[in-house]
Amino acid sequence: MSLNYKSYWRKTGLKGKWGNIFLERISLHNPKNILEIGVFCGVTARNICDLLNKVNENNFNYIGVDLFGGDQSEDKDEIEPKFLKDQKFSNPFKNIYYNYILKENLNSIKSVSKLLKKYSNNIKLIAGDTNKILKELDLQNIDFTFLDGGHSYQTVINDLTTLYGSMKDKKKVILCDDYGKESYIPEVEKAVNDFTKQNNLKLNIIENRFAEIIT
Ligand SMILES: C[S@@+](CC[C@H](N)C(=O)[O-])C[C@H]1O[C@@H](n2cnc3c(N)ncnc32)[C@H](O)[C@@H]1O
């Protein structure tokens, strides 16, 4: 199947070739229940739904967790997503369209829900800090997690610990962004290395960017 990650005229963390490389991982593992930590403007969410809808004929579930403009519960040296407070675009047409005509913050739960409207029966969007709310979610059936939320050492460790608690020994997938040199964040690399070492887990590095953990 040919994969075609679309940007939907919004901002995404997976620019250029990265969108299709990401979709290849989804296609390879073919999950039915997927969790994205760090939804941002919903572009990856929409592409995941488009793909799973095609492959699984509407039989899939997507859960997305993000601060959606809210504050973090504690100060954890987080890399503050500045875009939320002051939405900027390099393209002046986008700036006019989103900031002056629609007056829409693309990282709001309202805006992302609108983008995912076609899949409203398959999706759940949750606003909150994963350091706090991830523990409150039922993650038992999650097959694949894209970990791309808070990028501080402690948040990545906390998120991995909670996820692994539900996914352990089930051969499920946790794909961590920003591990390799193509989009390197040192805190992410250190947290993923420490966590996998402690739990005797193997790491599969994808295209020098993503770190894939099979639980
Ligand atoms: C790099 S962006 C995600 C990009 C998105 N996965 C994509 O492909 O377009 C990171 C997102 O994580 C969210 N975030 C940061 N810290 C978080 C936290 N502690 N809990 C939940 N979401 C968080 C931010 O609000 C931001 O939207």
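Since the structure is predicted, the reported quantities are computational estimates derived from the model, not experimental observations. (Residues numbered from 1 in each chain as written. Predicted model: local features only at pLDDT ≥ 70, side-chain atom pairs only at ≥ 80, totals over all residues. Heavy atoms only, no water.)

1. Considering a nonpolar patch on the surface
A contiguous nonpolar patch, built from Trp 9, Phe 93, Ile 96, Tyr 97, Tyr 100, Ile 101 and Leu 102 and spanning about 770 Å² of accessible area, is present on the exposed surface. When you line up the elements, Trp 9 lands in the segment before helix H1 (18–29). (Patch = residues over 30% accessible without salt bridge, like charges linked within 9 Å, V, L, I, M, F, W, Y side chains within 5 Å. Areas by Shrake-Rupley, 256 points an atom, 1.4 Å probe, with all protein chains shown as cover. Salt bridge = Lys/Arg side-chain N within 4 Å of Asp/Glu carboxyl O. Helix = DSSP H or I, 4+ residues; strand = E, 2+ residues; numbered from the N terminus.)

2. Here's the deal with the site of the ligand
Taken together, 22 residues lie near the ligand, and Glu 36, Gly 38, Thr 44, Asp 66 and Asp 148 sit nearest. Within the backbone of Gly 150, one N or O atom sits 3.3 Å away from a nitrogen atom of the ligand. In the complex, the protein chains occlude 93% of the 610 Å² of accessible area that the ligand would expose alone. Tallied by class, the residues present in the shell around the ligand amount to 7 nonpolar, 10 polar and 5 charged. (Near = heavy atom within 4 Å. Polar contact = N/O pair within 3.5 Å; in protein donor to acceptor, adjacent residues only side chain to side chain. Nonpolar A, V, L, I, M, F, W, Y, C, P; charged D, E, K, R; others polar.)

3. What to know about the nonpolar core
By size, the foremost hydrophobic cluster in this structure holds 30 residues, and its most contacted members are Phe 22, Ile 26, Tyr 62, Phe 144 and Phe 210. Among the secondary structure elements, those contributing two or more residues to this core are H1, helix H2 (43–56), strand E3 (123–127), strand E4 (144–147) and strand E5 (173–176). Ranked by residues supplied to this core, first place goes to H2 with 6 residues. Apart from the residues lying within four places of it in its own chain, the contact partners of Phe 144 are Phe 22, Arg 25, Ile 26, His 29, Pro 31, Asn 33, Ile 34, Leu 35, Met 167, Val 173 and Leu 175. Ranked by size, the runner-up nonpolar core spans 27 residues in total, among them Leu 134, Met 167, Tyr 179 and Ala 191. (Core = buried A, V, L, I, M, F, W, Y, C linked by side-chain atoms within 4.5 Å. Buried < 20%, exposed > 50% of the residue type's maximum accessible area, 1.4 Å probe, protein only. Contact = heavy atoms within 4.5 Å.)

4. Overview of the packing of H1 against H2
Relative orientation of the contacting elements H1 and H2 amounts to 40°, with a least axis distance of 11 Å. The angle between H1 and H2 places the two elements in the oblique class. Viewed along their axes, H1 and H2 form a crossing whose handedness is right-handed. Of the residues in H2, those in contact with Phe 22, Leu 23, Ile 26 and Ser 27 of H1 are Thr 44, Asn 47, Ile 48, Leu 51 and Leu 52. Considering only residue class, the contact of H1 with H2 consists of 6 nonpolar, 3 polar and no charged. (Axes fitted to C-alpha atoms, helices over the stretch in contact; angles between N-to-C directions. Parallel < 35°, antiparallel > 145°, perpendicular 65-115°, else oblique. Left-handed = near helix turned anticlockwise from the far one by under 90°.)

5. Section: the packing of aromatic side chains
Following the criterion strictly, the structure yields 10 aromatic pairs and no others. When the centroid spacing of 6.3 Å and the interplanar angle of 65° are considered together, the rings of Phe 146 and Phe 210 count as edge-to-face. Pair noted here: Phe 146 is in strand E4 and Phe 210 is in strand E7 (residues 210–214), with a separation of 64 residues, a long-range link. Note on accessibility: Phe 146 and Phe 210 belong to one class, buried. Put simply, the rings of Trp 18, Phe 22, Phe 144, Phe 146 and Phe 210 touch in pairs and so form one group of aromatic residues. A cation over a ring is seen here: Lys 17 above Trp 18, with NZ or CZ 4.7 Å from the ring centre. (Phe/Tyr/Trp six-rings, centres within 6.5 Å; stacked < 30°, edge-to-face > 60°. Lys NZ or Arg CZ within 6 Å of the ring centre and 35° of its normal.)

6. So, the pairing of E7
The buried fraction of E7 amounts to 4 of the 5 residues, a majority that puts the element mostly inside the structure. Judged from the 4 bridges that link them, E5 and E7 form a sheet pairing that is antiparallel. What sits directly across from Cys 176, in E7, is Ala 211. Relative to E7, strand E6 (residues 203–206) is paired through 4 bridges, and the arrangement is antiparallel. Residue Leu 203 lies in a different strand from E7, and its bridge partner there is Ile 213. (Pairing = 2+ DSSP bridges.)

7. Some remarks on the confidence of the model for the chain
For the chain, per-residue confidence averages 92 on the pLDDT scale, and residues scoring 70 or more make up 92% of the total. Here residues 80–84 is modelled with pLDDT under 50, and outside its nearest four sequence neighbours on either side it reaches 10 contacts, counting other chains as well. (pLDDT = per-residue confidence, 0-100.)

8. Remarks on the environment of Val 43
Residue placement: Val 43 occurs in helix H2. On a C-alpha basis, the gap between Val 43 and Arg 10 in space is 7.0 Å, while along the polypeptide they are 33 residues apart. In this structure Val 43 touches Tyr 5, Lys 6, Ser 7, Arg 10, Lys 11, Thr 12 and Leu 115, once residues within four positions along its chain are discounted.

9. Some thoughts on helix H7 (residues 186–198)
With 13 residues, H7 extends 18 Å between its outermost C-alpha atoms, agreeing within 8% with the 18 Å of an ideal straight helix rising 1.5 Å per residue. For H7, the secondary structure elements touched by its buried residues are helix H6 (153–167), E5, E6 and E7. Among the residues trailing H7, Asn 200 stands out with phi positive, at a value near 55°. (Expected span 1.5 Å × (residues − 1).)

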